[in-house]
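Given next are the chains, with one letter for each unit.
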Amino acid sequence: MENVILIGFMGCGKSTVGLRLSYRLRRTIVDTDKEIEKEEKRTISDIFATDGEAYFRNLETDCLRKLNDSAGNQIISVGGGLPVREENRALLHELGQVFYLRAEGETIYERVKDDTTRPLLQVEDPLTRIKTLIEERDPYYRAAADVVITVEGKSFSQILDEIEEHVNEREGNNLTEG
Ligand code: S3P
């Protein structure tokens, strides 16, 4: 069986949705940021500070290639900037069904404003940065996605229901009565 992949901007809920989805669908969850931190034995912030963003982006592609060689039937949550690279979008597509969790800039800001672990948002005006990056990335997220899920105003269980419905549809698990 193929994987379920969650993409979207930082703070859109990929990790939380991914974790809950893994319980619901009884599949293990992989997070590219966590895989990279494990492999490198240092945090994303350290990687950015020491080796820069370009180095980190190459690690993301390496991580996706490895997942393509190994993973199946998992939930895969990926870093917010990963789908920007064309090669990564192709790799995501091969990995499985891709869901773009879409949230507004203000919502993202409220969720991440006190977080110091995301190097790209350690700027004077994070809200403007967030809005600019979302505008830039939205076309890439859409290009990578099989399904766009607007998370705005929805509970986690509503989001999970929507995802599950699409997964079942794709995998032909639709149960009929009788
Ligand atoms: C990034 C998002 C982060 C992490 C890194 C860069 C981005 O992941 O990969 O800080 O470019 O949007 P999350 O989306 O899981 O926060």
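Along each chain, the written sequence defines residue order, and numbers are assigned to residues from 1. In keeping with the predicted nature of the model, local features appear solely for residues at pLDDT of at least 70, side-chain atom pairs appear and are counted solely at 80 or more, and the whole-chain, interface and lining totals rest on all residues. Excluding hydrogens and water, the side-chain figures rest on all heavy atoms present in the structure.

In this section: a nonpolar patch on the surface. Like-charged residues within 9 Å of one another, or nonpolar side chains (Val, Leu, Ile, Met, Phe, Trp, Tyr) within 5 Å, are grouped into patches, provided each residue has over 30% relative accessible area and no salt bridge. Note on areas: Shrake-Rupley, 1.4 Å probe, and residue coverage restricted to the protein chains presented here. Salt bridge, as used here, is a side-chain nitrogen of Lys or Arg placed within 4 Å of a carboxyl oxygen of Asp or Glu. On the surface, a nonpolar cluster with roughly 300 Å² of combined accessible area is contributed by Leu19, Tyr23 and Ile29. Under the DSSP-based scheme used, a helix requires at least four consecutive residues in state H or I and a strand at least two consecutive residues in state E, with every element numbered from the N terminus. Examined against the element boundaries, Tyr23 turns out to sit in helix H1 (residues 14–25).

When we look at burial in helix H5 (residues 105–112), the residues that qualify are Gly105, Ile108 and Val112. Each buried residue of H5 lies within a common arc of 65° when the element is viewed along its axis, so the set occupies one face. In this scheme, a residue with accessible area under 20% of its type's maximum is buried, one over 50% is exposed, and one in between is partly exposed, where area comes from a 1.4 Å probe on protein chains only. By arc we mean the arc of the directions from the helix axis to the C-beta atoms, nothing more.

Now for the nonpolar core. Definition of nonpolar core: a set of buried residues of the types Ala, Val, Leu, Ile, Met, Phe, Trp, Tyr and Cys, connected through side-chain atoms within 4.5 Å. Core analysis: the biggest nonpolar cluster contains 50 residues, and Ile7, Leu92 and Ile163 have the highest contact counts within it. By residue number, the principal contributor to this core is helix H3 (residues 44–70), which donates eight residues. Apart from the residues lying within four places of it in its own chain, the contact partners of Ile163 are Val4, Leu6, Val17, Leu21, Phe99, Leu101 and Ile149. Note on definitions: a residue-residue contact is assigned when non-hydrogen atoms from the two residues lie within 4.5 Å.

Another aspect to go through is the packing of H3 against helix H4 (residues 86–95). Angles shown run from 0 to 180 degrees and are taken between the N-to-C directions of axes, each axis being a line fitted to C-alpha atoms and, for helices, limited to the stretch in contact. The geometry of H3 relative to H4 is characterised by a closest axis approach of 10 Å and an angle of 20° between their N-to-C directions. With respect to H4, the axis of H3 lies roughly parallel. Crossing angle aside, the handedness with which H3 passes H4 is left-handed. Contacts between H3 and H4 involve Thr61, Leu64, Arg65, Leu67 and Asn68 on the former and, on the latter, Glu87, Asn88, Leu91, Leu92, Glu94 and Leu95. Split into classes, the residues belonging to the contact of H3 with H4 amount to five nonpolar, three polar and three charged. Roughly parallel covers angles under 35 degrees, roughly antiparallel covers those over 145, roughly perpendicular covers 65 to 115, and oblique covers all other angles. Here a crossing is called left-handed whenever its near helix is offset anticlockwise from the far helix by less than a right angle, and right-handed whenever the offset is clockwise. Amino acids outside the nonpolar list (Ala, Val, Leu, Ile, Met, Phe, Trp, Tyr, Cys, Pro) and the charged list (Asp, Glu, Lys, Arg) are all regarded as polar, and Gly is one of them.

Of all residues adjacent to the ligand, which total 14 residues, the nearest are Lys14, Asp33, Arg57, Arg118 and Arg137. Polar contact is the term for a pair of N or O atoms within 3.5 Å; when the atoms are in protein, one must be able to donate a hydrogen and the other to accept it, and sequence-neighboring residues count only if both atoms are side-chain atoms. Contact distances for the ligand include 2.7 Å between an oxygen atom and a side-chain N or O atom of Arg57. In this structure, an oxygen atom belonging to the ligand sits 2.8 Å away from a main-chain N or O atom of Gly80. Burial of the ligand by the surrounding chains reaches 95%, relative to a free accessible area of 390 Å². A cavity, in this analysis, means grid points on a 1 Å lattice covering only the protein atoms where a 1.4 Å probe fits yet has no way out; a pocket is instead an open set bounded by protein on both sides within 12 Å along at least five of seven lines, and a residue lines either one if it has an atom within 4 Å of a point. By definition, a pocket or cavity contains a molecule when more than half of the molecule's atoms lie within 2 Å of the pocket's grid points. Applying the majority rule of atoms within 2 Å of the grid points places the ligand in the largest pocket. Counting residues per element, the shell around the ligand draws most heavily on H3, which supplies four residues. Looking at the shell around the ligand residue by residue, the classes come out as five nonpolar, three polar and six charged. Only heavy atoms are used to decide nearness, and a residue is near a molecule or strand if one of them lies within 4 Å of it.

To continue, consider empty space enclosed by the protein. Grid points are joined across faces, edges and corners, and a volume is the space filled by probe spheres set on the points. The tally for this structure, following the rule as stated, stands at one cavity of 30 Å³ or more. Lining the largest cavity, in full, are Gly8, Phe9, Tyr100, Leu101, Arg102, Ala103, Ile134 and Tyr141. Looking at the lining of the largest cavity, the elements that each hand over two or more residues are strand S4 (96–102) and helix H6 (126–144). Considering each element in turn, the lining of the largest cavity owes the most residues, three residues, to S4. Here the lining of the largest cavity is composed, by residue class, of six nonpolar, one polar and one charged.

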